[in-house]
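# Structural overview
Chain by chain, the residues run as shown.
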Amino acid sequence: MSEAAESAPAKKKLHNPLHVTIMVVLVTGLCAFLLHNGTEQKFVFGILLAVTLGMLALEKINKAILVLLGAGIALLLATWQGIIKGGEMHDGHYMPTYIQMVDWGTIGIIIGSTIFVELISRSGLFAWISVKILKVSKGDPFKLLICFSGLTVVFSAFLNNVTAMIIVGSLTIVACKKLKLSAMPFLLAEGIYTNIGGLLTLISSIPNIIVGTAANIGYTQFLLVAGPYCILAFVVTLYLVRWLFKIKPLTDEASKAEAKSMVDAFDEWETVKDRKFFYLSAMVLGAIILGFALHSSIPVLKDMGLEVIAILGATVMLVIYPTDVEGVLNEVEWTLVLFFVGLFALLGVMGKADVLSMIGEWLKSPLSSGSYSGPMAMMWSSAFFSGLTDNIPLAAVLAKVLSGFQSQIGDLAWFAEYGHLLWWGLIFGAGLGGNFTPIGSASTVVAIGILKKEGHNITFMQYVKIGAIVVLVQLTLATAYLFGAEKIGLIQKLDPKAAAASGQVTDDNGTHGHGSDGH
Amino acid sequence: MSTVDQFASVFNAASQTAFQHQPPALENALVVTDLEPDAAEKYAGSVRTFFGAVTGKWETVHGGEFATVKELLNLVESRKPGLIVTYRHLHSEAWRWPYSLGEHLDVLIQESTPPVAILPHPDREGVPERALKNTDSVMVINSHLVGEDALVNHAAVLTAIGGTLHLTHVEDDAVFERYLDVISKIPEIDTDVARETIQEQLLREPSAYIDSCETALREAGVDLRVVKHVTHGHRLEKYRNAIKDHQVDLVVLQGHDEDQLAMNATAYSVAVELRTTPLLIV
């Protein structure tokens, strides 16, 4: 399941503490026994990684708890075996190894963006924009589909997909009730569109942040490559959804007038409690977007990483809105933050224990099979697995593997030739695969949850019949786009020297370098 | 804000109910009395000026034309009036006791499509001097005013040119306090916040609706003044005081209730109590 799955409603599952304790003891004991008896460390740690990711896919235990347990066992065993040191002195301070393994840039973006998004939400800006867009549709079902889909794409490009789905989904329910339309096609379409919007920018989704920063892709470069595809996918998916759900525009004047009067009855300013706060929020949001876009050109900030923009934005918003600082800070998705801390530590150990190199060796054959088949294998297989399980660990593991290849770019001619396409194949695959099943993306889980609350039950197979068609069309389009974009020079080959340097940084430290524009 | 419910609340609040101005055509009226033919005609003549909005012909039913409820309904059905004008307790002496409307009127209001005007009984004493003279001051009373366009449209049509249209909405304190009492026993809900926000929201919607009435009537060029009365308290007491304070000439009420066979509770209690003020049941 995709990012922020814990935010999705109806996902509260309690694990059995005894079962978890037994599992931890058994896994630790087994790994310790195997290591003690001379089994190669990469196989033992590989088992630990497989168990952790497998349990993650089963979703029986809170994902933050699970990954922290996996990371804890991995760190203990790796320290015991001398694979890593417990820590080292750094500028006179003791720095634990696991701290160095965490990509604090990603964590900073998550915390900062959650805070400023929450505050901007409270200003009513997103709701105001939503009602304005609703009015543009004049209540016509097809125009409503265009407007809600467009809104979903834009919101999910700047917010996390779940928040985007919650905002647009709740408006959909209210508007459809008023217009006496079934909300089902609109909500399912929005679930699909969050994944398209999630592809738009470097910070639109967690896999983008992880893969984009690992690949050293800047915000502007990311937007220039992903933007045209998102527009193409938007239009194609729009007509696909229209065909699948038989959405027809209104034809007679009386119905048009009635629908228009119904949406005109919405007052966008009712969503705004404090206009001063509203305008200030709009200005700060604009500044944050500009900050992300121009990050690589802003003196001083360009040397500090994208997370600084997010944290600065959050700080400014907290200064503007000091009313409920504790309440706002409580909205930070601590589950997600701890999940990342654990995941980065786990993958850091796996890197040191040569597990990622081993996975890289396994993947080398399909990925190096050719300049077309390699990127296609990356895109389609990552899409398939994203549809079945969480795309964040998948993106994180594959980003590490690709970083490993990138650090050896001088020796890997195939990676030098089309490594850039492998990175983008991973970005597109991890981003689009979530539409395949109803549990493939957290936003689809939210959409189906809203529908269930409204009395529409969508079964797994009912969704897959729609999702599979959509994913197939979007992936085919993405495949054609990937190679087309390379042909016209939109996606450029990796610069061997710079790529090797950035790959080395990522591979050695378990952290990703921060992007400046271009590869 | 992070849940569907929170955002749905925001959008529900933004979804306003706007008034649509569609004035009803009161083309002909039927005055139903239980009087002798001459007295009936005289009575009918005295009420015509009061309903200046009726543009077509007036017909009168005298007491000899019907006795039973069925006969009255047949008469109304055959004349197809746009407005029925009558009074309480036809063919009965019970008008002396202020506890009901009388069997004819009880059924007529529920069975007939056109609005029914209920005037003070011809024999009743203590009717104010100004009663039935003009409709300079018309008041709409309903338990929930929002979305009741028909009520406002009828009231606007019957308000004299340059007159005042009072639009009222009273949230019942007894009901509100009952819910607040329950809320005060639920630890998860802050009682003070609930009191403030629920009260505010309850009054905000009718207030916005009345604003939309004023705008629509002004845009349609209707020459009247709209006065907003949005408050909370004991409903009947508030209505009674407002009618007295503003010297209301005609009260417009909603008679039908989709959820029950009986007449709308607010309209019934007002219709039973206010026996000297002309009423229009829509």
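Please read all numbers here as calculations on a predicted model, not as lab measurements. Counting of residues starts from 1 at the beginning of each chain's written sequence and follows it residue by residue. Labels are handed out in written order, letters beginning with A for the chains and numbers beginning with 1 for the ligands. Per-residue local features are limited, in this predicted model, to residues with pLDDT of at least 70; the limit for side-chain atom pairs, both in listing and counting, is 80 or more; totals at the level of whole chains, interfaces and linings are taken over all residues.

### Remarks on the interface of chain B and chain A
Condition: By the criterion used throughout, residues are in contact when their C-beta atoms, derived from the backbone, lie within 7 Å. Three categories are distinguished: nonpolar for Ala, Val, Leu, Ile, Met, Phe, Trp, Tyr, Cys and Pro, charged for Asp, Glu, Lys and Arg, and polar for the others, with Gly belonging to the last.
On the chain A side, the residues contacting the 15 residues of chain B number 20 residues. Taken together, the residues of the side of chain B that touches chain A sort by class into nine nonpolar, six polar and no charged.

### What about the environment of A:Tyr98?
Residues and elements named next belong to chain A. The condition is simple: A run of H or I in DSSP becomes a helix once it reaches four residues, and a run of E becomes a strand once it reaches two; helices and strands are each numbered from the N terminus. Residue burial here comes from a neighbour count, namely the number of other C-beta atoms, placed from the backbone, that lie within 10 Å of the residue's own C-beta, with 20 or more meaning buried, 12 or fewer meaning exposed, and in between meaning partly exposed.
Take tyrosine 98: it is sitting in helix 4 (residues 97–101). Owing to 24 C-beta atoms within 10 Å, tyrosine 98 belongs among the buried residues under this scheme. Taking the C-alpha atoms as reference, tyrosine 98 lies 7.6 Å from glycine 348; in sequence the two are 250 residues apart. When sequence neighbours within four positions are dropped, the list of residues in contact with tyrosine 98 reads Leu75, Ala345 and Gly348.

### Re the packing of helix 5 (residues 104–123) of chain A against helix 13 (residues 275–293) of chain A
Residues and elements named next belong to chain A. This is how the line gets drawn: Under this scheme, a helix contributes an axis fitted over its contacting stretch, all axes are lines through C-alpha atoms, and angles between N-to-C directions fall in the 0 to 180 degree range. When the near helix sits turned anticlockwise from the far one by under a right angle, the crossing is termed left-handed; a clockwise turn instead gives a right-handed crossing.
Contact pair helix 5 / helix 13: the axes reach a minimum separation of 9 Å and the direction vectors enclose 145°. In this structure, helix 5 meets helix 13 at a crossing whose hand is left-handed. Contact residues: helix 5 offers Phe116, Leu119, Ile120 and Ser123, while helix 13 offers Phe277, Phe278, Ser281, Leu285 and Ile288. Its residues placed into classes, the contact of helix 5 with helix 13 shows seven nonpolar, two polar and no charged.

### Describing helix 7 (residues 141–158) of chain A
For clarity, the cut-off: One less than the residue count of a helix, multiplied by 1.5 Å, gives the span that helix is expected to have.
The end-to-end C-alpha distance of helix 7 of chain A, which contains 18 residues, comes to 26 Å, matching closely the 26 Å that a straight helix rising 1.5 Å per residue would cover. Counted residue by residue, helix 7 of chain A has 13 buried out of 18 residues, so it is predominantly covered.

### Side note on the domain arrangement of chain A
Residue and element names in this part refer to chain A. Basically, it comes down to this: Start and end points for every domain follow an automatic or database-based domain assignment.
Structurally, chain A comprises domain 1 (5–102 + 332–450 + 473–509) and domain 2 (104–330). The C-alpha centroid of domain 2 is placed 27 Å from the C-alpha centroid of domain 1. Each partner contributes to the interface: domain 1 provides 42 residues, whereas domain 2 provides 41 residues. Elements with a contribution of two residues or more to the side of domain 1 that touches domain 2: helix 16 (334–352), helix 19 (391–407), helix 20 (413–432), helix 21 (442–453), helix 22 (460–487) and helix 23 (496–509). Top contributing element to the side of domain 1 that touches domain 2 by residue count: helix 20, with eight residues. Its residues assigned to classes, the side of domain 1 that touches domain 2 shows 29 nonpolar, twelve polar and one charged.

### Considerations on the environment of A:Met89
By the secondary structure assignment, A:Met89 is in strand 1 (residues 87–90). In this structure, the C-alpha to C-alpha distance between A:Met89 and A:Met350, residues 261 residues apart in sequence, is 23 Å.

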